[in-house]
Number of protein chains: 2
Amino acid sequence: AVAMPAIAQSAPTVKWRLASSFPKSLDTIYGGAETFAKRVAEATGGKFQIQVFAGGEIVPGLQVLDATKDGTVECCHTASYYFVGKDPTFAFDCALPFGLTNRQLDAWYRHGNGLKLMREFFATYNVHNLPCGNTGVQMGGWYRKEIKTVKDMEGLKMRIGGFAGQVISKLGAVPQQIAGGDIYPALEKGTIDAAEWVGPYDDQKLGFNKVAKFYYYPGWWEGGPQLSVLVNKKAWDALPKEYQAILEIAAADAHVEMMAEYDAKNPTALKQLIAGGAQLRPFPKDVMDACYKAAQELYAETSAKNATFKKVYDDMKKFQADQVLWGRIAEGTYHNFMASVR
Amino acid sequence: AVAMPAIAQSAPTVKWRLASSFPKSLDTIYGGAETFAKRVAEATGGKFQIQVFAGGEIVPGLQVLDATKDGTVECCHTASYYFVGKDPTFAFDCALPFGLTNRQLDAWYRHGNGLKLMREFFATYNVHNLPCGNTGVQMGGWYRKEIKTVKDMEGLKMRIGGFAGQVISKLGAVPQQIAGGDIYPALEKGTIDAAEWVGPYDDQKLGFNKVAKFYYYPGWWEGGPQLSVLVNKKAWDALPKEYQAILEIAAADAHVEMMAEYDAKNPTALKQLIAGGAQLRPFPKDVMDACYKAAQELYAETSAKNATFKKVYDDMKKFQADQVLWGRIAEGTYHNFMASVR
């Protein structure tokens, strides 16, 4: 039954600007913000318009949190681990080495304490966070030489950021911070020995297989990096409740959409990369084990220095232990069987 | 910037009834419809109300498709594989043996041909489908005796439905159709030898561990069963575009929510079941292999008889092959490593 209401009510017109951390060339991640904005517009009959700007257009990619916090823009779309320099706690909203996978993160956020704890944390930065996308487990990057043992990590100059850089430092590697567009020439010249980016679909666009043929997996520092829309708290609070609800569910739709798009696009890209000369290699077990051990040391050190990090880490770690246990049973054996029959 | 519009527009009041196929006792699956209805109400400021009825309250659980098709109710929430008796093609919207996992299904629906093909199919039943929930890989059920080899499947009387029943028939087992509430006494008396239900969280409520202690995994016939909201086409077409968009994204939110809830609740339930005497067992490889082979035969037979099934199956199968290949790389090795360090 569709009926007109007795009293005509009206929804306000809203125009927001969203600063993305990402260039348009990362179409799947950048596209997450566009999907979000499109759904919001559709759900409000065009009354709530969010204009999406690529990284650098109105705000530099790594300054979108500050711009949102200060109200320069109403919101941004970003990977929260970009801000671990301000506080390592930001990593829990995105990814940290040997952290949660996309499904585990959804479960911890929605039916564990994850979202509650992180919204308390984001509130101290004057923003309200909405999960909006995930890439799934990323690849471990491109290497000019094979990594046969943990000794091959010593002295390795690798483009890798944040926590993961700190982890490989403990193994004697030398992490480097290099912007996306500068990675290819650095690898080509040998200024660096290795570089990680995202996964097959995004890596292919940068052509790394031409200058570093060994392609390692898994990206243990990104087991399910989540992207987020961060909204200025004052802008959020000024919205009618209906619009807040629409933003939440539009973000959920864009969340599913990004994961689906990566899953659909990665296999073809990987096949093409292999056809183009990429040599696919799993990280040796001793490298994985050493990195895992170094990561646990790092978390203990960070927890000792930062009480908020410790509180969130302890909660996540406990949740993760149960998830990994359960994941080995029905889900794990099904995936492994399906892999065995093809 | 929030401003009032120059011309006040109004959204209509809508009241719908949703018939769920599920009892309230299956709170996670039944709850998917409640989450959906709640999000729609929130996003419309209460103007669009969907009242949820449990299976049997106004429509018997397995007749909700007919009730929606005929307009007795505007929509339903169901597992589409309940309707494989009408046409086996319904299974692709939910699950079929050795089919897609939840993430693979999302990818096929959104960035493959899945949703397009299935919307064409559902339109012939006068309904519009919205994916709304997934349980993840289910468990393989409860057995009074151990299954040590494929020979132990011969003569096994098992409560199992649909395609999976046809698959185990090929191995000499005897599938039985028994309603949820009647499974426990049948297992207790030995009228049946085994029964499958859902997974730890739902199985625990029915107490199967007390009467059949061997708990097998994985549920190879349900690698990622999707639930769906099916909407009567006339009711759908009568909605303003904004409301259609809100239904789509509200369903997407409920979709993520259900998977997260199952993932969060299953581990605790599994631990309690094991503490209560359940003996956890993986299906032997020869049983899995024989079931896989039987399933492929069944799909060839069904494809020969039903051109629509063949069209959708061929598309799904091709998509699945790429997904399984990619899933072995970053995602698979990450999960397996994380399982190895605990």
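Bear in mind the structure is a predicted one, so any value in this text is a computation, not a measurement.

What should I look at first to understand the sheet that holds strand β12 (residues 279-282) of chain A in this one?
Hydrogen bonds between backbone atoms are what pair the strands of a sheet, whose relative direction is either parallel or antiparallel. Residues and elements named next belong to chain A. The strand order across the open sheet built from 6 strands is β8-β7-β9-β6-β10-β12, with neighbouring strands paired in mixed fashion. Edge positions in the open sheet fall to β8 (174-176) and β12, since each of these has one partner strand only. Where strand β7 (residues 157-159) meets β8, 3 bridges bridge the pair, whose relative direction is parallel. Considered in β8, the bridge of Met-158 is made with Pro-175.

Would you mind showing me how to read the packing of aromatic side chains here?
Per the stated rule, a full pass over the model turns up 62 aromatic pairs over all chains. Centre to centre, the rings of Tyr292(A) and Phe337(B) are 6.0 Å apart; their planes meet at 70°, and the pair counts as edge-to-face. Of this pair, Tyr292(A) sits in helix α10 (residues 285-305) while Phe337(B) sits in helix α12 (residues 330-340), which puts the two residues in different chains. Connected via pairs of aromatic rings, a cluster forms that spans Phe22(A), Tyr81(A), Tyr82(A), Phe83(A), Phe90(A), Phe121(A), Phe122(A) and Tyr125(A).

So what exactly am I meant to see when it comes to the environment of Phe163(A) here?
Residues and elements named next belong to chain A. With respect to the helices, strands and loops of the structure, Phe-163 is situated in helix α5 (residues 162-169). Residue class for Phe-163 comes out buried when judged on its relative accessible area of 6%. Considering only alpha carbons, one finds Phe-163 and Val-198, 35 residues apart in sequence, at a separation of 16 Å. The residues touching Phe-163, leaving out its near neighbours within four places in the chain, are Pro-88, Ala-91, Leu-96, Pro-97, Leu-298, Thr-302 and Phe-309.

Where do I start with the relation of the copies chain A and chain B in this structure?
The operation linking the two copies of the chain is a rotation about an axis combined with a translation along the axis. You can overlay chain A on chain B at an RMSD of 0.0 Å; the transform is a turn of 180° with a shift of 0.0 Å along its axis. Such a combination of rotation and displacement between the chain copies is what one expects of a two-fold axis. By residue overlap, the copies meet face to face through one surface: 100% of the interface positions of chain A are interface positions in chain B.

Hey, could you run me through the nonpolar core in this one?
Here is a general trend for soluble globular proteins: nonpolar side chains tend to be buried in one another's company. In this structure, Phe36(A) and Phe36(B) are the most contacted members of the largest nonpolar core, which totals 252 residues. Excluding residues within four positions of it along the chain, Phe36(B) makes contact with Leu18(B), Ile50(B), Leu130(B), Cys132(B), Val229(B), Leu247(B), Ala250(B), Ala251(B) and Ala254(B).

Sorry if this is basic, but what is going on with the packing of α5(A) against α10(A) here?
The axes of two packed helices give the description: the angle between them and the distance between them. All names here are of chain A. Running from amino to carboxyl end, α5 crosses α10 at an angle of 115°, the nearest separation of the two axes being 9 Å. When the interaxial angle is binned, α5 and α10 end up roughly perpendicular. When the axes of α5 and α10 are compared, the crossing they make is right-handed. On α10, the residues touching Phe-163, Gln-166 and Val-167 of α5 are Cys-291, Ala-294, Ala-295, Leu-298 and Thr-302. Split by residue class, the contact of α5 with α10 holds 6 nonpolar, 2 polar and no charged.

Would you mind going over helix α1 (residues 27-43) of chain B with me for this structure?
Turn by turn, an α-helix covers 3.6 residues, leaving residues three or four places apart pointing in a common direction. Residues and elements named next belong to chain B. Spanning 17 residues, α1 covers 23 Å between terminal C-alpha atoms, matching the ideal 24 Å at 1.5 Å per step. With 13 of 17 residues buried, α1 is to be regarded as a mostly interior element. Just beyond α1, the residue with positive phi is Gly-45, at close to 60°.

It is not clear to me how the confidence of the model for chain A should be interpreted in this structure. Could you clarify?
Low-confidence regions, as indicated by low pLDDT, have predicted coordinates that should not be scrutinised in detail. Of the residues in chain A, 97% reach a pLDDT of 70 or more, and the chain-wide mean stands at 95. With pLDDT under 50 throughout, residues 4-8 of chain A is counted as low confidence; its partners more than four residues away or in other chains account for 7 contacts.

What is the right way to look at unusual backbone geometry in this model?
Excluding glycine, most residues fall at negative phi; most peptide bonds, likewise, are trans. Residues and elements named next belong to chain A. In this structure, Pro-218 follows Tyr-217 across a cis peptide bond, with omega equal to -5°. Here Pro-218 lies in the loop between β10 (214-217) and β11 (226-232). Despite not being glycine, Phe-98 shows a phi value in the positive range, around 60°. Summarising the element assignment, Phe-98 is placed in the loop between β4 (75-78) and α3 (102-111).

Calculation notes
- All chains use their own residue numbering, which begins from 1 and follows the written sequence.
- Here every chain gets a letter starting at A, and every ligand a number starting at 1, in the order they are written.
- Owing to the predicted nature of the model, reporting of local features is limited to residues with pLDDT of at least 70; listing and counting of side-chain atom pairs is limited to 80 or more, with chain, interface and lining totals taken over all residues.
- As a convention, hydrogens and water are excluded, and side-chain values are obtained from all of the structure's heavy atoms.
- Strand pairing requires that DSSP identify at least two bridges connecting the strands.
- A helix here means a DSSP run of H or I that spans at least four residues, while a strand means a run of E at least two residues long, and both kinds are numbered starting from the N terminus.
- The aromatic pairing rule takes the rings of Phe, Tyr and Trp, using the six-membered ring of Trp, and pairs them if the centres are within 6.5 Å, calling planes under 30 degrees apart stacked, those over 60 edge-to-face and the rest tilted.
- For the exposure calls, accessible area comes from a 1.4 Å probe over protein chains only, and a residue counts as buried if that area is under 20% of its type's maximum, exposed if over 50%, partly exposed in between.
- The contact rule is simple, with two residues in contact once any of their heavy atoms fall within 4.5 Å.
- Here the copies are superposed with least squares, the fitted atoms being C-alpha atoms of residues at a pLDDT of at least 70 in both.
- Among buried residues, the Ala, Val, Leu, Ile, Met, Phe, Trp, Tyr and Cys ones that are joined through side-chain atoms within 4.5 Å form a nonpolar core.
- Between N-to-C directions, angles span 0 to 180 degrees; the directions come from axes that are lines fitted to C-alpha atoms, helices contributing only their stretch in contact.
- Orientation categories follow fixed angle ranges, with anything under 35 degrees roughly parallel, anything over 145 roughly antiparallel, 65 to 115 roughly perpendicular, and all other angles oblique.
- Two helices cross in a left-handed way if the nearer one is turned anticlockwise from the farther one by less than a right angle. They cross in a right-handed way if the turn is clockwise.
- Here the nonpolar group is Ala, Val, Leu, Ile, Met, Phe, Trp, Tyr, Cys and Pro; Asp, Glu, Lys and Arg are the charged ones; every other residue, Gly included, is treated as polar.
- Working rule for helices: expected span equals 1.5 Å times residues minus one.
- pLDDT is defined as a per-residue confidence score from the predictor, taking values between 0 and 100.

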